[in-house]
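One-letter residues, chain by chain:
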Amino acid sequence: MNEIMQTIRDYYAEKKLSDIISIEGLEPSAEAAEALALLPENMRENKMLPGYPFPPMLDGCTVVVLGARNGRDAFVASKLVGESGKIIAIEGCARDVEKANEAKEQIAQAFGFAKSNVHFVNTAIEDLSAAGIADGSVDVVIANCAVSHSPFKLKVLSEVYRVLKEGGEFYEFDVFCNRRLDPEQKADPAIAGGLLAETGYDQDFRRTMRKAGWEDFRHMSFHAVEVTDEAAAKAKGEGTTYEGRYVRAVKSRVIEDLCEQYGQYATYDGKIAGCPDYFDLDDHHRFFTDEPMSVCSNSCSMVADTRYGAHFKVDGNLRHHYGAFGKCGNVERIVEG
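Keep in mind the model is a prediction, meaning the values are calculated, not measured.

Novice: It is not clear to me how the pattern of salt bridges should be interpreted in this structure. Could you clarify?
Specialist: Counting across every chain of the model gives 18 salt bridges. In this structure, Glu169 engages Arg307 in a salt bridge whose closest nitrogen and oxygen atoms are separated by 2.7 Å. In this pair, Glu169 is assigned in strand S6 (residues 164-177) and Arg307 in the loop between helix H12 (297-304) and strand S14 (312-315), connecting sequence segments 138 residues apart. Using a relative accessible area of 1% as the deciding quantity, one classes Glu169 as buried. Among the charged side chains, a salt-bridge network with shared partners connects Asp135, Glu159 and Arg162.

The structure is reproduced here in C-alpha cells:
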C-alpha cells in the first residue's frame, strides 16, 4: 500500500460516508421500507449506502447490485423481486461478502422465502464477467454510490450496458460534482478518505454514459449535498459543490442522442404497484393515469419497450418524423381546486 493510501486509511479509519456529507430528502419507497424493517438492525442504516435505488415493478426480475457492501440493498431487492426473482450482488470487499452470506438464510426466512435468492460475488464492479454474468442476461442493474467510487467509470458503465437485456434498466443513486477536482485535491486525505475524490463531474458522467452505449439517460430527482466534515470542506475548495441524483437509463437500440418527435402519445393504465395515480419516468415526465401524454421517441421506448410496457398504450409509430422534440413532454399541468 502506498503512503497516500495508508494516510487515507488512517485518517478515516472510524468514519463513514455520512460523517463526511449529508444529503437532503432521501427516503425509501413504502415497499423498500417494508423490506428494510425486516433486516437485522445493524444492516438497516448502512452509512455507506445513502440512497434507495429501487425502481418499481421488480417482481420476478434478475437484478445485479453493484457495490453491495454488507448486503443491505441486495436484501431489499431480494424482497422486491420475490422468490421467483434472482439477485447477483457484487462486492469487492471479501469481509463484507462473508458477513452478508452469514445473514442471508436468516433474512430469507424473515421474508418468508424457502431459501435465499441472493448470490454474493466477491469481485470488482468493473468486471461482471468475473461473476459469470453473460451478455444480455439481466433485467435490472442497481447501484448506490458505487459508480462514483470507481476510478474506472467507463468500464463499469460499459459492463452494465453489456449485461442488460434489450429493454433492461440501469437505476442508480450517486453523488456528482460541478467540476473536475485537481490532482492535489484528489490526493488530499480529507477528500480521498471521504470518498469524494472519484466523484464524477456531472458532464463527464454524461459523456462516459454515451461512450458506454447510453445515448439518453434521465434524472429522477436531485438532492442537495452538504460537506459536513471540516477538513473535506476546506480541501474541496471554494465553489466546488456536490449533488445527489437518482439516474435511470434504459438499454434500447431505438434510443437516439436527441429527443425526436414522431407524433406519439403514451397512456399509463395506473396498475403498477405503488403507482396508482401516476408513473414518473423521470423528473419531467409524469404520466397521470388514463391521460395520454405527447412524448418523444426515446421516452416512448423507455416505457413501451421495457417491463413497464404492459401498463402503457402507445399511439403512433416511427414512420413520420417531425423534427426535434423541443419541450420533451415538459408541459404544465393545471389542477383546478
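Still to come is the rest of the account.
Novice: So what exactly am I meant to see when it comes to the layout of surface pockets here?
Specialist: A probe as big as a water molecule, rolled over the atoms, marks out the empty space that is left. Volume-wise, the second largest pocket comes out at about 920 Å³. Elements represented by at least two residues in the lining of the second largest pocket include exactly helix H3 (30-37), helix H5 (72-81), strand S8 (218-227), strand S9 (242-250) and strand S11 (278-282). With 4 residues, S11 is the largest single contributor of residues to the lining of the second largest pocket. Here the residues of the lining of the second largest pocket are counted per class, giving 18 nonpolar, 6 polar and 9 charged.

Novice: Hey, could you run me through the sheet that holds strand S10 (residues 264-268) in this one?
Specialist: Strand pairing in a sheet relies on backbone hydrogen bonds. The paired strands run either parallel or antiparallel. Strand order in this open sheet of 3 strands is S13-S10-S14, and the pairing throughout is antiparallel. At either end of the open sheet lies a strand with only one pairing partner, and these are strand S13 (293-295) and S14. Strand after strand, the sheet turns through a mean of 35° between neighbouring axes, direction not considered. Sheet topology note: the S10/S14 ladder contains 4 bridges and is antiparallel. Along S14, the bridge assignment pairs Thr267 with Lys313.

Novice: Help me out: how do you make sense of the packing of aromatic side chains in this one?
Specialist: Between two aromatic rings, the relevant description is the distance of the centres plus the angle of the planes. Enumeration according to the criterion identifies 14 aromatic pairs in this entry. A centroid spacing of 6.0 Å and a plane angle of 45° characterise the contact between Tyr268 and Phe279, whose relative ring orientation is tilted. Taken as a pair, Tyr268 in strand S10 and Phe279 in strand S11 lie far apart in primary sequence, 11 residues in all. When its relative accessible area of 0% is taken as the criterion, Tyr268 is described as buried. Every member of this aromatic cluster is reached through a ring pair, and the members are Tyr268, Phe279, Phe287, Tyr308 and Phe312. Positioned above the aromatic ring of Phe152 is the side chain of Lys155, whose terminal nitrogen or guanidinium carbon lies 5.3 Å from the ring centre. In this structure, Arg286 is placed above the aromatic ring of Tyr278, and the distance from its NZ or CZ to the ring centre is 3.7 Å.

Novice: Looking at this structure, how should I read the nonpolar core?
Specialist: A general feature of soluble globular proteins is that nonpolar side chains tend to end up buried together. If you look at the biggest cluster of nonpolar residues, it comprises 54 residues, and the most contacted ones within it are Val63 and Phe120. Considering every element that reaches this core, the biggest residue donor is H5, with 6 residues. In this view, Val63 contacts Leu58, Val81, Lys86, Ile87, Ile88, Val140 and Ile142; residues no more than four positions away in its chain are not counted.

Cut-offs used in this document
Position labels on residues start from 1 in each chain and follow its written sequence. Predicted model: local features are reported for residues with pLDDT of at least 70 only, side-chain atom pairs are reported and counted for 80 or more only, and whole-chain, interface and lining totals are derived from all residues. Side-chain descriptors were evaluated using all non-hydrogen atoms of the structure, hydrogens and water having been removed beforehand. Each salt bridge in this description consists of a side-chain nitrogen of Lys or Arg and a carboxyl oxygen of Asp or Glu lying within 4 Å of one another. Secondary structure elements are taken from DSSP: a helix is a run of H or I of four residues or more, a strand is a run of E of two residues or more, and numbering for both begins at the N terminus. Per-residue accessibility, obtained with a 1.4 Å probe over protein chains only, is compared with the maximum for each type, and a residue is labelled buried under 20%, exposed over 50%, and partly exposed between these values. Points on a 1 Å grid over protein atoms alone make up a cavity when a 1.4 Å probe fits among them but cannot get out, and a pocket when they form an open set with protein on both sides within 12 Å along at least five of seven lines; lining residues each have an atom within 4 Å of a point. Grid points are joined across faces, edges and corners, and a volume is the space filled by probe spheres set on the points. Throughout this entry, Asp, Glu, Lys and Arg are counted as charged residues, while Ala, Val, Leu, Ile, Met, Phe, Trp, Tyr, Cys and Pro are counted as nonpolar. The remaining residues, Gly among them, count as polar. Strands are labelled as partners when DSSP assigns at least two bridges between them. Only the stretch in contact is used when fitting a helix axis, every axis being a line fitted to C-alpha atoms; angles between N-to-C directions are given from 0 to 180 degrees. We call Phe, Tyr and Trp rings a pair once their centres come within 6.5 Å, taking the six-membered ring for Trp, and we label the pair stacked below 30 degrees between planes, edge-to-face above 60, and tilted otherwise. For a ring to carry a charge above it, either NZ of a lysine or CZ of an arginine must fall within 6 Å of the ring centroid while also lying within 35 degrees of the normal to the ring plane. By nonpolar core we mean a set of buried residues, namely Ala, Val, Leu, Ile, Met, Phe, Trp, Tyr and Cys, connected to one another through side-chain atoms within 4.5 Å. Any two residues whose heavy atoms approach within 4.5 Å are treated as being in contact.

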